[in-house]
Amino acid sequence: MKLVLVLTADPAKPVLDAATLAEFATAFGPARILAPGIAAELYPNDADPARILAAARAILGSRPVDANVVPAAGRKKRLLVADMESTLIENEMLDDLAERLGIGPRVAAITRRAMNGELDFRAALAERVGLLAGQDEKLLAQAAEGIRIVPGAAALAATMAANGALTAIVSGGFTFYTSRMRRQLGFARDYANTLEIENGKIRGTVAEPVLGREAKLATLEKLSAEIDAPLDATLSVGDGANDLAMLGAAGFGVAFRAKPAVAAQASLNIVHGDLTALLYLQGYAANEFATPKEAIA
């Protein structure tokens, strides 16, 4: 099987310079530049991904560049399933809500443990949501004002959609936020948990069924079947333990700035690049990126 070595850097720190690529050319042959200073791909003769990665990392040393190996065939995917919190956005919305109530550190500690796989997701969600009971629903909109979108999110969705892919946000968070991000980032679908509201107050519960690890996998499989695409033709991305099942099932399962336990189990990892790195993994050059449409209110 022919393999491709993909190198990606943070577009804000374009360190993939000519000298670095010259070192790689000695080991792997000439590179195809996907974005000057930011991304390139090379074509090893070796068929062992582990050996290729070891050689690439030896060349990179401490340079802030991600190295990933993907099959040359079937790189452009037909389905994108993306986690939202700490993936498409920098925030963990439950943590942000708790911060506004003065219980931020307590809730953030639970979130960290759950996302690293140390706690049951469902139980951790119930515990954190329960702390919001009785709060005015306006708190949700107030927290939304502080959402920080991860660079490259809109370009990722727009480019894959322009090339015929279905795009979906699948989150263990709340539909209140996923619906906003779907419209703002140009995704086609969103799936998440529904935070129950009664008489303008947060009840402190989520509606059944709870969307967690297995539901994320089931959604990937359902959407793949809907568009008649094999799982090999799908791409999933996330950062937490509840993303592991869908990362393992997708053709490209990408751990993005992930928790240590997740990064250790994922075959593809992005640490330094932004979300456009997922386009470079598929062989898109920067001049092929689609311009995101204006956000829908």
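Definitions and limits used
- Each chain has its residues counted from 1, running along the sequence as written.
- Where local features are concerned, this predicted model is filtered to residues with pLDDT of at least 70; where side-chain atom pairs are given and counted, the filter is 80 or more; whole-chain, interface and lining totals use all residues.
- To obtain the side-chain values, all non-hydrogen atoms of the structure were included, while hydrogens and water were left out.
- Aromatic rings from Phe, Tyr and Trp, with only the six-membered ring used for Trp, were paired whenever their centres fell within 6.5 Å, and each pair was classed as stacked if the ring planes differed by under 30 degrees, edge-to-face if by over 60, and tilted otherwise.
- Only DSSP runs of H or I covering at least 4 residues are called helices, and only runs of E covering at least 2 are called strands; the numbering of each starts at the N terminus.
- Relative accessible area decides the class of each residue, using a 1.4 Å probe on protein chains only: under 20% of the type maximum gives buried, over 50% gives exposed, and in between gives partly exposed.
- Cavity and pocket criteria rest on a 1 Å grid covering protein atoms alone: a 1.4 Å probe that fits but cannot get out defines a cavity, protein on both sides within 12 Å along at least 5 of 7 lines defines an open pocket, and an atom within 4 Å of a point defines a lining residue.
- Grid points are joined across faces, edges and corners, and a volume is the space filled by probe spheres set on the points.
- Under the convention adopted here, Pro, Cys and the residues Ala, Val, Leu, Ile, Met, Phe, Trp and Tyr are nonpolar, Asp, Glu, Lys and Arg are charged, and Gly plus all remaining residues are polar.
- Any two strands with at least two DSSP-identified bridges between them are counted as paired.
- Fitted lines through C-alpha atoms serve as axes, helices being fitted only where they are in contact, and the angles separating the N-to-C directions of these axes extend from 0 to 180 degrees.
- Salt bridges are counted wherever a side-chain nitrogen of Lys or Arg sits within 4 Å of a carboxyl oxygen of Asp or Glu.

(A) Quick peek at the packing of aromatic side chains. Throughout the structure, instances matching the rule amount to three aromatic pairs. Their ring planes at 20° and their centres at 6.1 Å tell us that phenylalanine 24 and phenylalanine 28 sit as a pair that is stacked. Remark: phenylalanine 28 and phenylalanine 24 occur in helix 1 (residues 18–28); sequence separation between them is four residues, near one turn of the helix. Phenylalanine 24 gets classed as buried once you look at its relative accessible area, which sits at 0%.

(B) Highlighting empty space enclosed by the protein. Applying the stated criterion across every chain, the model contains one cavity of 30 Å³ or more. Reported here for the largest cavity is a volume of approximately 170 Å³. Around the largest cavity, the lining is made up of 17 residues, and of these Glu85, Glu92, Phe121, Gly172 and Gly173 lie nearest the centre. Among the secondary structure elements, those contributing two or more residues to the lining of the largest cavity are helix 3 (93–100), helix 4 (104–115), helix 5 (121–130) and strand 6 (166–174). Residue classes in the lining of the largest cavity are distributed as six nonpolar, four polar and seven charged.

(C) Seen up close, the sheet that holds strand 6. In spatial order, the strands read 7-6-5-10-11-12; together these six strands make up an open sheet with parallel pairing. Each edge of the open sheet carries a strand with a single partner, namely strand 7 (189–193) and strand 12 (268–270). Going from strand to strand, the sheet's axes swing by 20° on average, the running direction of each strand aside. Bridge analysis of strand 10 (residues 234–238) against strand 11 (residues 252–256) gives four bridges, and the strand direction is parallel. Among the inter-strand pairings, serine 236 is bridged to a residue of strand 11, identified as glycine 253.

(D) Spotlight on the pattern of salt bridges. A complete count under the given rule lists 18 salt bridges for this structure. Salt bridges here are not isolated pairs; linked through shared partners, they connect Arg32, Glu41, Arg75 and Glu288.

(E) Spatial organisation of the pairing of strand 5 (residues 79–82). Residue alternation in strand 5 divides its side chains into two sets, Leu79 and Val81 and Leu80 and Ala82, and both sets are buried. Relative to strand 6, strand 5 runs parallel, the two sharing four bridges. The partner of leucine 79 across the bridge, within strand 6, is leucine 166. When strand 5 meets strand 10, the two strands line up parallel, connected through four bridges. Within the sheet, the bridge partner assigned to valine 81 lies in strand 10 and is serine 236.

(F) Just unusual backbone geometry, in detail. Residues glutamate 208 and proline 209 are joined by a peptide bond in cis, for which omega reads -5°. Inspection of the secondary structure puts proline 209 in the loop between strand 9 (201–206) and helix 9 (213–226). The residue aspartate 228 is not glycine, and still its phi comes out positive at about 55°. Within the secondary structure, aspartate 228 is located in the loop between helix 9 and strand 10. Relative accessible area serves as the criterion here: at 66%, aspartate 228 is assigned to the exposed category.

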